[in-house]
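The chain contents come next:
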Amino acid sequence: MTAFDYPAFRAALDTLLPVERAQAVFPAIRSLPVGSRAGRYVREPGKDRWICEYTSTRRDRAGVEHVSHHRTITSAWSVAMDVGFPSRHRETEIDEIARIAHGVMLAQGLTRLPDRDAAIDMPALPEPDPDETAKVAAIGRAITPRPPLSGDDLWRRQYREAMARTRIMGVQHDLFDAAPVTHHHRLPRRPSFEMPPVETLAAKLKRIEGDPFATFGPPDDSRAMSPDEKAEMLRSAANWLRVGQRVRVRDSARSIDGSTERRVLGRLGVVWRLCGSVFEDHVHVFLDPVRGERVEKIVFIEIRHLDPVE
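Model, not experiment: these values are computed from the prediction. (Residues numbered from 1 in each chain as written. Predicted model: local features only at pLDDT ≥ 70, side-chain atom pairs only at ≥ 80, totals over all residues. Heavy atoms only, no water.)

Draft legend 1. Up close: the nonpolar core. In this structure, Phe9, Leu13, Val25, Ile29, Trp50 and Leu113 are the most contacted members of the largest nonpolar core, which totals 28 residues. When contributions to this core are tallied by element, the ones reaching two or more residues are helix H1 (6–14), helix H2 (18–30), strand S3 (49–59), helix H3 (76–84) and helix H4 (91–107). Judged by nonpolar contacts, the second largest core, of 14 residues, contains Met233, Val247, Val249 and Val264. (Core = buried A, V, L, I, M, F, W, Y, C linked by side-chain atoms within 4.5 Å. Buried < 20%, exposed > 50% of the residue type's maximum accessible area, 1.4 Å probe, protein only. Helix = DSSP H or I, 4+ residues; strand = E, 2+ residues; numbered from the N terminus.)

The structure is reproduced here in structure tokens:
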């Protein structure tokens, strides 16, 4: 543009793509001082902080108009995007913002907009060092590939997908890019189970009378096992303890008040993963979904609290 007047400035903007129009006026809008107003936007103190003030009118069923005043925080890029994607009902305001950007460009000594197809001189990259290239290639060759999946890993992947199909009925996508809605099956109730009897207050007082080391709750089989007892328990479970075995939670850890944990008691599931030597008396159990459960539940439980199910 030889004469950088406003009509020539708008004509040059109209030849650009919407995002390119926003990029052309963005530096000028961002350089405005605090307190400047561009249409409905006001520059506030702070790093790239703008306040957008506007009003909206709506009518109720009785025909009465209600005017609402809105005030939101935005940035200079939002102001520039209004120029890049102008709305018909805001032509006057967009023209005002464009005139302000044009004035800033004149004050900065600009005489034209950058050409859309102008080539950008990029500095040449240095030639790679052959030694460094050889080192990088050696590191890539030295990386060991991921080991193949074992039979248990493949089974776990297939079982997890099967349980997801059991829980999920389908996914309903929205036509206007809203979040999709996942529909789930209504699953059966959990199996019935019998809760251990609750210790009465009179029985508790009689049990702890004169015993400073008495337990808070009634004594049960949840005490720590000796190494011999643990080895005997593992030997007795060796004929059924394997990944994929169906089990039923017969008992569970007690809470501090002595009540049995209701969350897993009586639930059915499969042995999901065995543990190493440190927790060899524990396993991970993948519980069957019940009622309205939406996600998978894998619990860490002792082997002595499980019964195999054929």
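Draft legend 2. Structural context of the sheet that holds strand S7 (residues 246–249). Within the open sheet, the five strands sit side by side as S10-S9-S8-S7-S11. Their pairing is antiparallel. In the strand order of this sheet, the two ends are held by strand S10 (298–302) and strand S11 (306–308), each with one partner. Each neighbouring strand pair of the sheet contributes to a mean axis angle of 45 degrees, computed without reference to strand direction. Pairing of strand S8 (residues 268–274) with strand S9 (residues 282–287), which is carried by five bridges, proceeds in the antiparallel orientation. Considered in S9, the bridge of Leu274 is made with Val283. Against the sheet, helix H6 (residues 151–167) contacts S7, S8, S9 and S10, and its axis sits at roughly 150 degrees relative to S8. (Pairing = 2+ DSSP bridges. Axes fitted to C-alpha atoms, helices over the stretch in contact; angles between N-to-C directions. Contact = heavy atoms within 4.5 Å.)

Draft legend 3. Region of the structure containing the pairing of S7. Here S7 shows a clear split, with Val247 and Val249 buried on one side and none of Arg246 and Arg248 buried on the other. Where S7 lies against S8, three bridges are found, and the strand directions are antiparallel. Across the sheet, residue Arg248 finds its bridge partner in S8, namely Leu268. Direction of pairing for S7 relative to S11: antiparallel, over a ladder of three bridges. Within S11, the position partnered with Val247 by the bridge is Pro308.

Draft legend 4. Representation of the packing of aromatic side chains in the model. Under the defined criterion, the tally for this structure stands at eight aromatic pairs. Centroid distance Tyr6 to Phe9: 6.2 Å. Interplanar angle 35 degrees. Geometry classified as tilted. Linking Tyr6 with Phe9, this pair stays in helix H1, spanning three residues, or about one helical turn. With 4.9 Å between their ring centres and 50 degrees between their planes, Trp272 and Phe286 make a pair best called tilted. (Phe/Tyr/Trp six-rings, centres within 6.5 Å; stacked < 30°, edge-to-face > 60°.)

Draft legend 5. The pattern of salt bridges, seen in detail. Summed over all chains, the structure comprises 13 salt bridges. The closest approach of N and O atoms between Arg99 and Asp95, which form a salt bridge, is 3.0 Å. Pair noted here: Arg99 and Asp95 are both in helix H4, with a separation of four residues, about one helical turn. Two residues, Glu293 and Arg267, come together in a salt bridge whose shortest N-O distance is 3.2 Å. Taken together, the residues span a long stretch of sequence, with Glu293 in the loop between S9 and S10 and Arg267 in the loop between S7 and S8 at a distance of 26 residues. Overall, Arg267 belongs to the buried group, its relative accessible area being 3%. Within this structure, Arg10, Asp95 and Arg99 form a network of salt bridges that share partners. (Salt bridge = Lys/Arg side-chain N within 4 Å of Asp/Glu carboxyl O.)

Draft legend 6. A look at the packing of H2 against H3. Interhelical geometry of H2 versus H3 gives an angle of 135 degrees and a closest axis separation of 7 Å. Classified by the angle their axes make, H2 and H3 are oblique. Of the two elements, H2 crosses H3, and the hand of that crossing is right-handed. Within the contact between the two elements, H2 uses Pro18, Val19, Arg21, Ala22, Gln23, Val25, Phe26, Ile29 and Arg30 and H3 uses Ala76, Trp77, Val79, Ala80, Met81, Val83 and Gly84. Of the residues belonging to the contact of H2 with H3, the class tally is twelve nonpolar, two polar and two charged. (Parallel < 35°, antiparallel > 145°, perpendicular 65-115°, else oblique. Left-handed = near helix turned anticlockwise from the far one by under 90°. Nonpolar A, V, L, I, M, F, W, Y, C, P; charged D, E, K, R; others polar.)

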